[in-house]
Amino acid sequence: MPSAARVLPRARRLPPALARTASAGPAASLCLLALLIAAPPASAASAAPASAAGGWSVAPSGGGRPSFYAEGPPGTVLQDTVSVTNTGRAPVDVRLSGTGTGVAIAFAERSVHIPGRTRADVPFTVSVPAAAEPGDRSGAVVARAAGGRTRTVPLRLRVGGPALAALTVEHVAVRGDRITYELVNRGTTVLVPRLAVRADGVFGRVLDRAPRTLPVRLRPSARLKLTEPWPDRPALDAVDLRLTVTAPGAARETASARVRCVPWGELAGGAGAVAAGAAAVFVARRRGSRTADADPADGDQGDQGDQADGVPVGGGPVDGVPVDGGSVGGDPMGGGPVSGGRGGTGAGQVPRADAGLTAGAVK
């Protein structure tokens, strides 16, 4: 946005009383001349605090204000105008900026060229943060010339709205030997929280820490992740962990978490040892069973005993003579003729009694 410039008048009209004195005559004119030389210029006597030697000054637009003042609720944008006046004859280049904590100042033009005996009016805005807490802020409008000379005008900002204190604790967890959690400022004021920690296990309370002030300042809408040491947490237990936070003017807030403490490292080592022992026992038993199956001593001796003297086990024939009373040489054992038999008498017949003895001996 181009800045407005107004040309200052080059001459001043004398007041009526001085004009009448000047027209009274030469003597009165000499007296008036001496008075003007001795008296300081009126512009120097009424100069603004931001003006100084160098021929230019900076002040709030409109005159009569020693500083800027703005007021509004969070989230609003306020507007004002700064006037940079060059009372000299040479032009001046000025760069504008704003300072202050929690005060955002934006100028229509940051660099302004001001001719001699000219005034430039530059609009600017002051933005109130949406998360700003109610109260007063301070800043300044700074004008810096090319030669390094600086002029400053104070700025005061008042943030309206109700003062509300609200605090929450979230995302409670246990990681190793530390408790992690988050604090969130839900209000409109800066909070200094206090924390209390309590944990109950299966057999009673395992942790109890009284409320204490945390070394933090939590601004509105801010979220902060914190940790709490817990070096002596139980090795094997089921714990109900509870964190309670408070702040001046805020309600008490509590968050809890269920924690199961299990020594996984020790359990893993024990399980490994048991598995190794079971594997060793299995291998030893399998080797023993293979050795027993490969030893045939007992079975072979039994078979040889049954086949002693060349007699088959199942009642097989001996020297071609059937055991169950069958025929020899195609004749039955019932006394039929036998041709070519050994030890026969008479005409090649075997007596019935011998046949019976042979069968009995085989049995």
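Residues numbered from 1 in each chain as written. Predicted model: local features only at pLDDT ≥ 70, side-chain atom pairs only at ≥ 80, totals over all residues. Heavy atoms only, no water.

## Observations regarding the sheet that holds strand S16 (residues 237–246)
Here comes step 1: Here we have four strands laid out as an open sheet, ordered S14-S13-S16-S17, and antiparallel in their pairing. Single-partner strands in this sheet number two, and they are strand S14 (204–213) and strand S17 (253–261). Each strand axis lies, on average, 15° off the axis of its neighbour in the sheet, ignoring direction. (Pairing = 2+ DSSP bridges. Helix = DSSP H or I, 4+ residues; strand = E, 2+ residues; numbered from the N terminus. Axes fitted to C-alpha atoms, helices over the stretch in contact; angles between N-to-C directions.)

## Concerning the packing of aromatic side chains
Here comes step 1: Within this structure, the stated rule accounts for two aromatic pairs.
Here comes step 2: Pairing Phe68 with Phe124 gives two aromatic rings, centres 5.0 Å apart and planes at 90°, and the pair type is edge-to-face. Of this pair, Phe68 sits in strand S3 (residues 68–72) while Phe124 is found in strand S8 (residues 118–127), placing the two residues 56 residues apart along the sequence. Side by side, Phe68 and Phe124 carry an identical accessibility label, which is buried.
Here comes step 3: Relative to Phe124, the ring of Phe107 has its centre 5.6 Å away and its plane inclined at 40°; by these criteria the two rings are tilted. In this pair, Phe107 is assigned in strand S6 (residues 104–107) and Phe124 in strand S8, connecting sequence segments 17 residues apart. We note that Phe107, like Phe124, is buried. (Phe/Tyr/Trp six-rings, centres within 6.5 Å; stacked < 30°, edge-to-face > 60°. Buried < 20%, exposed > 50% of the residue type's maximum accessible area, 1.4 Å probe, protein only.)

## Re the sheet that holds strand S12 (residues 178–185)
Here comes step 1: Read across the sheet, three strands follow the order S11-S12-S15 without closing on themselves; strand pairing throughout is antiparallel. In the strand order of this sheet, the two ends are held by strand S11 (167–175) and strand S15 (223–229), each with one partner. Averaged over all neighbouring strand pairs, the angle between strand axes comes to 20°, with direction disregarded.
Here comes step 2: Judged from the seven bridges that link them, S11 and S12 form a sheet pairing that is antiparallel. Across the sheet, the residue bridging to Thr168 is Val184, located in S12.

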